[in-house]
Amino acid sequence: MALIVKKFGGTSVGTTDRIQAVADKLAAAHSSGEQQVIVVSAMSGETNRLLSMAGEMMPKRADPRELDVLLSTGEQVTIALLCMALIERGVSARSYTGGQVRILTDNSYNKARILDIDVSAISADVENNTVAVVAGFQGVDAERNITTLGRGGSDTSAVALAAALKADECQIFTDVDGVYTTDPRVEPRARRLERITFEEMLEMASLGSKVLQIRAVEFAGKYNVPLRVLSTFEPGSGTLITYDDEDSTMEQALVSGIAFSRDEAQVTVSSIADRPGTAYSILGPISEMNVEVDMIVQNAAEDGSTDFTFTVPRQDFARVMEFLESQKVTMGAREVSGDDKIVKLSIVGVGMRSHAGIASRMFKALGDSGINLRLITTSEIKISVVIDEKYLELGVRSLHEEFELDSDPA
Ligand code: ADP
Ligand code: ASP
Ligand code: MG
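First, a word on what this report is: a plain description of the structure on this page. This one's a predicted model, so the numbers in the text were calculated from it and none came from an experiment. (Residues numbered from 1 in each chain as written. Chains lettered and ligands numbered in written order. Predicted model: local features only at pLDDT ≥ 70, side-chain atom pairs only at ≥ 80, totals over all residues. Heavy atoms only, no water.)

### As for the sheet that holds strand β9 (residues 169-174)
1) Next: The 8 strands are arranged β3-β6-β2-β1-β9-β11-β12-β10 in an open sheet whose pairing can be described as mixed. At either margin of the open sheet sits one strand with a lone partner, and together these are β3 (93-96) and β10 (195-197). If you compare each strand with its neighbour and ignore which way they point, the axes differ by 20° on average.
2) Next: Both strand β11 (residues 227-231) and strand β12 (residues 239-242) contribute to a ladder of 3 bridges, which runs antiparallel. Paired with R228 across the strands is L240, a residue of β12.
3) Next: Sitting on the sheet, helix α6 (residues 154-165) is in contact with β1 (3-8), β2 (35-40), β6 (131-135), β9 and β11, with an inclination near 170° to β1. (Pairing = 2+ DSSP bridges. Helix = DSSP H or I, 4+ residues; strand = E, 2+ residues; numbered from the N terminus. Axes fitted to C-alpha atoms, helices over the stretch in contact; angles between N-to-C directions. Contact = heavy atoms within 4.5 Å.)

What follows is the structure, given as structure tokens:
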């Protein structure tokens, strides 16, 4: 019999009624003989609620260890409620926190990485026809401290468990019925993809599509876990994330999807001396502040001085601006300016590899819509631009139309 790891996200377990509906679904699968291991998120809104309470106690930055103790409680509620609902339906069920399973992580609180999973207890449950319900998003480090895996981390818990259990498939149940050509909440004409490659899904996730956590996709690719995104609320086969296999019926589109991220801010250091070491003098200290710099552009120097522009996560913008202002004189820069009302908009597709002219089509479509491009970066299978936040919806829609993503390429 197939062993399936099923993960239910926050909206899917957002109320007690919804938890009951999930229990109905699992009980039906159970009685048909399916072997299943379940991972759940906290009820929707709960992680944010906990974060805001932490913010009241320590407004600058919550103590990382205590924050993880707090955040892990969200998932502990849903594992217990779901097990109760299953037991009430005559299904043998048992809940596990990350520590009880022993999902061993490193000790980076708030963004820990899974190192190892002890599957002995869960495998025994599977053998005994008991449904194990595991708290997503959490683990323990070698010193038994509770850790969490970063926002959206329950996806990664599910994929890692599926890999460790050598499950036949990992199914991510959520509030959309699959991976779409772009976020269907922004472009209603977005189309569900039957399949998408790991490579494309990884780009989509890292460029802002929050439908799957990046690490979940990395893990699934690395351990070759068949991964599927499906709706909790509607029937359907969802989207399968697979390797690009020449013989498969993979949709051969040039562009598979459009991703965007609102989590961006842009910083410019103007009229700084153009000489060896300039980039390091700006970016070195910023990396020491633990801020991840993304796109970087340096203008061609004219009179021996240059402008240096880069993007940082929006949450770090104020901190970075304050630091650069304080360093302006030392750096010999004329001005430090910035803007946190920007977004990154990207097109992704393995089909771009073998086709020229995609970038110019993208730039023309955005230009024709009157959207100014502030920064551009390209790689083999993606092109990203930074634009004003107010043009995000327009930009997504014009690219969706330009690359005919609403119609099936087959
Ligand atoms: P969950 O709580 O189940 O983990 P998330 O909110 O994390 O759900 O992820 C699902 C959401 O991802 C959808 O509601 C949708 O708005 C968003 N999303 C962003 N990009 C895409 C995409 N390309 N395809 C489908 N959903 C997307
Ligand atoms: N509850 C966590 C979050 O909101 C983890 C998850 O839902 O995947 O980020
Ligand atoms: Mg999620």
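### What about the site of ligand 2?
1) Next: The local shell around ligand 2 consists of S41, T47, E75, F137, R151, G152, G153 and S154.
2) Next: Here an oxygen atom of ligand 2 sits 3.1 Å away from a polar atom, N or O, in the side chain of S41.
3) Next: Within the backbone of G153, a nitrogen or oxygen atom sits 3.4 Å from an oxygen atom of ligand 2.
4) Next: Contact with the protein chains covers 86% of the free accessible surface of ligand 2, which is 260 Å². (Near = heavy atom within 4 Å. Polar contact = N/O pair within 3.5 Å; in protein donor to acceptor, adjacent residues only side chain to side chain. Areas by Shrake-Rupley, 256 points an atom, 1.4 Å probe, with all protein chains shown as cover.)

### Remarks on the side chain of S154
1) Next: Within the secondary structure, S154 sits in helix α6.
2) Next: We classify S154 as buried; its relative accessible area is 3%.
3) Next: A distance of 3.2 Å separates polar atoms of two side chains, one belonging to S154 and the other to S41. (Buried < 20%, exposed > 50% of the residue type's maximum accessible area, 1.4 Å probe, protein only.)

### Examining helix α10 (residues 317-331)
1) Next: A maximum bend of about 35° is found in α10 at E325.
2) Next: Turning to α10, its buried residues are F317, V320, M321, L324 and M331.
3) Next: Check the buried side of α10 and you find it contacts β13 (257-273), α9 (278-288), β15 (305-313) and β16 (335-348).
4) Next: Of the residues trailing α10, G332 is marked for its positive phi of about 70°. (Bend = angle between axes of the 7 residues up to and from the residue.)

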